Amino acid sequence: MAETTWLSQETFDRLNAELEHLKTTGRTEIATKIEEARSEGDLRENGGYHAAREEQSKMEGRIQELTYLLEHAEVGDSPQEISEVAPGLVITAEVNGKEKKFLLGSREAADFVDIDVYPETAPLGSAIMGKSIGDETSYTAPNGKEFSVKVLGIEPFQG
């Protein structure tokens, strides 16, 4: 089952424009770089050729990532009626005794907001999904450490 990620319309449009650029102009530019490097001769010792192929590989990976993200995105405004933690909301939580305020949503939005962003699929996001103010839970971080979490506040994202 595909995982849905909440994106604002602005973020969706920006990512869609990036995807279109990579699929058109980006692919054309990298193909030109590869062809120019090929014309320099022996490919085994051609650093420009290998660098261009690596750049092409990274670009194709980004195209796949964006395609998947956009195909499985929930686009729209942050929910205004709030009863529990959901993507697109700003959460205030006590995590191991320290208060944190963050947006629960796509990391792709992180470049455009002045708040930390945690995906709903990250350990913290998964642990608090569906929780209400006052609910307590815990999660295990990738490093194996256990974290306690208490939801202190839930509000719409105004970004």
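Structural notes, computed from the coordinates. (Residues numbered from 1 in each chain as written. Predicted model: local features only at pLDDT ≥ 70, side-chain atom pairs only at ≥ 80, totals over all residues. Heavy atoms only, no water.)

A closer look at unusual backbone geometry
So, step 1. Even without glycine at this site, Asn96 takes up a positive phi of about 50 degrees.
So, step 2. Among the secondary structure elements, Asn96 is positioned in the loop between β3 (89-95) and β4 (98-104). (Helix = DSSP H or I, 4+ residues; strand = E, 2+ residues; numbered from the N terminus.)

Quick notes on the packing of helix α1 (residues 9-38) against helix α2 (residues 47-71)
So, step 1. It is at 9 Å that the axes of α1 and α2 come closest, and there the two elements cross at 160 degrees. Put simply, α1 runs roughly antiparallel to α2. By crossing handedness, the relation of α1 to α2 is classed as left-handed.
So, step 2. Here the contact of α1 with α2 is built from residues that sort into 14 nonpolar, five polar and nine charged. (Axes fitted to C-alpha atoms, helices over the stretch in contact; angles between N-to-C directions. Parallel < 35°, antiparallel > 145°, perpendicular 65-115°, else oblique. Left-handed = near helix turned anticlockwise from the far one by under 90°. Nonpolar A, V, L, I, M, F, W, Y, C, P; charged D, E, K, R; others polar.)

Brief notes about the pattern of salt bridges
So, step 1. According to the stated counting rule, one finds seven salt bridges in the structure shown.
So, step 2. Put simply, Arg27 and Glu60 hold a salt bridge, and the shortest N to O gap is 2.8 Å. Of this pair, Arg27 sits in helix α1 while Glu60 sits in helix α2; the two residues are 33 residues apart in sequence, bridging distant segments of the chain.
So, step 3. We classify Arg27 as partly exposed; its relative accessible area is 33%.
So, step 4. Among the residues examined, Glu60 registers a relative accessible area of 25% and is labelled partly exposed.
So, step 5. Sharing partners across several salt bridges, the network here consists of Glu18, Arg62 and Glu65. (Salt bridge = Lys/Arg side-chain N within 4 Å of Asp/Glu carboxyl O. Buried < 20%, exposed > 50% of the residue type's maximum accessible area, 1.4 Å probe, protein only.)

Some points on the nonpolar core
So, step 1. Among the nonpolar cores identified, the biggest contains 17 residues, and Ile91, Phe102, Leu124, Ile128 and Tyr139 are the most heavily contacted of them.
So, step 2. Listing elements by their share of this core, those giving two or more residues are β3, β4, α3 (123-128) and β7 (146-156). (Core = buried A, V, L, I, M, F, W, Y, C linked by side-chain atoms within 4.5 Å.)

Comments concerning α2
So, step 1. With 25 residues, α2 ought to run about 36 Å at 1.5 Å a step, and its terminal C-alpha atoms sit 36 Å apart, in line with that.
So, step 2. Those residues of α2 lying buried are Tyr49, Ala52, Met59, Arg62, Ile63, Leu66, Leu69 and Leu70.
So, step 3. Where α2 is buried, its residues meet β1 (5-7), α1 and β2 (73-75). (Expected span 1.5 Å × (residues − 1). Contact = heavy atoms within 4.5 Å.)

As for a negative patch on the surface
So, step 1. On the surface, a cluster of negative charge is contributed by Glu94, Glu99, Asp135 and Glu136.
So, step 2. Mapped onto the elements of the fold, Glu136 is located in strand β6 (residues 136-140). (Patch = residues over 30% accessible without salt bridge, like charges linked within 9 Å, V, L, I, M, F, W, Y side chains within 5 Å. Areas by Shrake-Rupley, 256 points an atom, 1.4 Å probe, with all protein chains shown as cover. Lys, Arg positive; Asp, Glu negative; His and termini not counted. Charge placed at Lys NZ, Arg CZ, Asp CG, Glu CD.)

Re the pairing of β6
Successive side chains on a regular strand alternate, one facing one side of the sheet and the next facing the other.
So, step 1. Bridge analysis of β6 against β7 gives five bridges, and the strand direction is antiparallel. Across the sheet, the residue bridging to Glu136 is Lys150, located in β7.
So, step 2. Connecting β6 to the antiparallel partner β7 that follows it, the hairpin turn spans five residues, and Gly144 within it adopts a positive phi of roughly 90 degrees. (Pairing = 2+ DSSP bridges.)

By themselves, these figures tell us nothing about what the structure is for.
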